[in-house]
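Chain and residue survey
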Amino acid sequence: MSRLIFNRKISRILCSIRGQVNSLSSCRSLSSLALLPDTHRMLRQTIRDFTDQELKPIAAKLDKQETYPKEQIKKLGELGMMAVEVPEALGGSGLNCLAYAIGMEEISRGCASTGVIVSVNNSLYTSPLMGFGTDAQLEKWVKPFSNGDRVGCFALSEPGNGSDAGAASTTAKDMGDHWLLNGSKMWITNGYEAEAAIVFATTEKSLKHKGISAFLVPKPTAGLTLGKKEDKLGIRASSTCQLIFEDCKIPKENILGSPGQGFKVAMKTLDGGRIGIAAQALGIGQAALDCALEYSGKRDAFGAPIAKLQAIQMKLADMELRLESARLLTWQAAMLKDAGQPYTKSAAMAKLAASEAATFISHQAIQVLGGMGYVTDMPAERHYRDARITEIYEGTSEIMRLVIAINLLKEHQIM
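In this report, the structure presented in the accompanying data block is examined. Just so it is clear, the model here is predicted, and its values are computed rather than measured. (Residues numbered from 1 in each chain as written. Predicted model: local features only at pLDDT ≥ 70, side-chain atom pairs only at ≥ 80, totals over all residues. Heavy atoms only, no water.)

1. Notes on the environment of Q280
- Tracing the sequence through the fold places Q280 in helix α10 (residues 262-298).
- Q280 sits in the buried class, given a relative accessible area of 0%.
- Between the alpha carbons of Q280 and V118 there is a distance of 9.8 Å; along the sequence they are 162 residues apart.
- Those residues within four positions of Q280 in sequence are excluded, and the remaining contacts are M104, S108, A112, V116, I235, T390 and Y393. (Helix = DSSP H or I, 4+ residues; strand = E, 2+ residues; numbered from the N terminus. Buried < 20%, exposed > 50% of the residue type's maximum accessible area, 1.4 Å probe, protein only. Contact = heavy atoms within 4.5 Å.)

2. Quick look at the layout of surface pockets
- Its volume calculated, the largest pocket comes out at about 1200 Å³.
- As for the largest pocket, its lining consists of 42 residues, of which S157, I392, Y393, E394 and G395 are closest to the centre.
- Among the secondary structure elements, those contributing two or more residues to the lining of the largest pocket are α8 (112-132), β3 (178-189), α10, α13 (380-388) and α14 (397-411).
- The residue inventory of the lining of the largest pocket, partitioned by class, reads 22 nonpolar, 12 polar and 8 charged. (1 Å grid on protein atoms, 1.4 Å probe; cavity = no way out; pocket = protein on both sides within 12 Å on 5 of 7 lines; lining within 4 Å. Points joined across faces, edges and corners; volume = space filled by probe spheres on them. Nonpolar A, V, L, I, M, F, W, Y, C, P; charged D, E, K, R; others polar.)

3. Topic: the pairing of β3
- As defined by bridge partners, strand β2 (residues 171-174) adjoins β3 across 4 bridges and the pair is classed as antiparallel. Looking at the pairing, D174 lines up with W179 of β3.
- Here β2 folds back onto β3, and the loop between the two strands holds 3 residues, one of which, G176, carries a positive phi near 95°.
- Bridge analysis of β3 against strand β7 (residues 240-251) gives 9 bridges, and the strand direction is antiparallel. Note that in β7 the partner of G183 across the bridge is F245. (Pairing = 2+ DSSP bridges.)

4. Re the pairing of strand β4 (residues 196-202)
- Burial runs high along β4: 7 of the 7 residues are buried.
- Residues of β4 alternate between two faces, with A196, I198, F200 and T202 on one and A197, V199 and A201 on the opposite face, all of them buried.
- Of the pairings in the sheet, the one linking strand β1 (residues 152-155) to β4 comprises 4 bridges and is parallel in character. Pairing of G152 across the sheet is with A196, part of β4.

5. Observations concerning the packing of aromatic side chains
- If you walk through the whole model with that rule in mind, you get 3 aromatic pairs.
- Their ring planes at 50° and their centres at 5.0 Å tell us that Y125 and F145 sit as a pair that is tilted. Taken together, the residues Y125 in helix α8 and F145 in the loop between α9 (135-141) and β1 connect sequence positions 20 residues apart.
- Taking relative accessible area as the criterion, Y125 reaches 0% and is therefore assigned buried.
- F145 sits in the buried class, given a relative accessible area of 2%.
- Between W179 and F215 the ring centres are 5.1 Å apart and the planes differ by 65°, which places this aromatic pair in the edge-to-face class. Remark: F215 occurs in strand β5 (residues 212-218) and W179 occurs in strand β3; sequence separation between them is 36 residues. In terms of burial, W179 and F215 fall into one category: buried.
- Just above the ring of F360 sits the side chain of R322; from NZ or CZ to the centre is 3.7 Å. (Phe/Tyr/Trp six-rings, centres within 6.5 Å; stacked < 30°, edge-to-face > 60°. Lys NZ or Arg CZ within 6 Å of the ring centre and 35° of its normal.)

6. Let's talk about the packing of helix α4 (residues 38-55) against helix α7 (residues 97-110)
- Put simply, α4 and α7 touch, their axes get as near as 9 Å, and they point 25° apart. When the interaxial angle is binned, α4 and α7 end up roughly parallel. Taken as a pair, α4 and α7 cross one another with a handedness that is right-handed. Packed against α4, whose contacting residues are H40, L43, R44, I47, R48, T51, D52 and L55, the element α7 presents L98, A99, I102, G103, E106, I107, R109 and G110 at the interface.
- Partitioned by chemical class, the residues of the contact of α4 with α7 number 7 nonpolar, 4 polar and 5 charged. (Axes fitted to C-alpha atoms, helices over the stretch in contact; angles between N-to-C directions. Parallel < 35°, antiparallel > 145°, perpendicular 65-115°, else oblique. Left-handed = near helix turned anticlockwise from the far one by under 90°.)

The values are spatial; any link to function lies outside them.
Below is the structure:
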């Protein structure tokens, strides 16, 4: 398929989807979860074709060489996947969260590293700007980051705090005509390539989490340096590093939201981000299951393909069960978000189910492949390495269980 024809095809699909976003947002029946609208299925097929052509053939090389997929990110921007829920007026696709989750799964099925790069720009960078930014901030900080030319990042975690997001030691001091940032941020995805960061810093320590504010920081800028690129187990084609602030001057107008609103910005952002990571985990899990299915149909043992052995069939059944269950939870969370309904618990359930499913499925895939699953000749070991992080970032599995339990108890008026 030529590039021109491909772009025309995706344009027709996007236009068709935009017309159904509002009606889809109000659908919450079981049938809407089990069967996607035609337009969303067309979007899934289009991104699947792109993934098979552009990402899957180079994923192993990107992983081994730790190479940022710049060209592929640009193409995904042209397809509208770098700013899915951003309005067309700001350069985005103007679609909904369900479309985002569908696209994220397909991208991550081919390359989990590319998936997390896309996820950060959508969920953690453009999303909080759309929720809390002024019109001037949207023009400056969203529009140029919608087409794949630039990506942003999200700086919340620190060397001394991870799950305790309210314990930010990075500070922002009001100097009258500017803010002065000091401190460091840890585990920042897209840290090397990002041209802007949303940074969370304490502006009033006595107020604890209510004294945290969010700031828009251009990269590069004086007073901001990058730490070493982390040598990671998985998602190795995406960069992860520290951001170090030493008397970094930030214009007064670069505060996102109001002073003291940073914790709210962060928590709301992470709720939506968990849907993106759930979708990434689904893609990894699907890729691992596909690998196991293909191998089990070709590998002969005892005179027949191992797929005919009940021991293998039991594994495949458990893998499919967990994957489909997690997918429905993810779509449900996305549809609740689209409908403007509370979705914090649903997003946590989706992220927990999908990440643990990805880890389980990739583990079982290696068992199905045996020795071949342990070597880099096959992608099973990469899926296994990539899956592990989905249980850690944007809320560990332990934190997800706490979020689910707290919301459940509130629903039943026990807390």
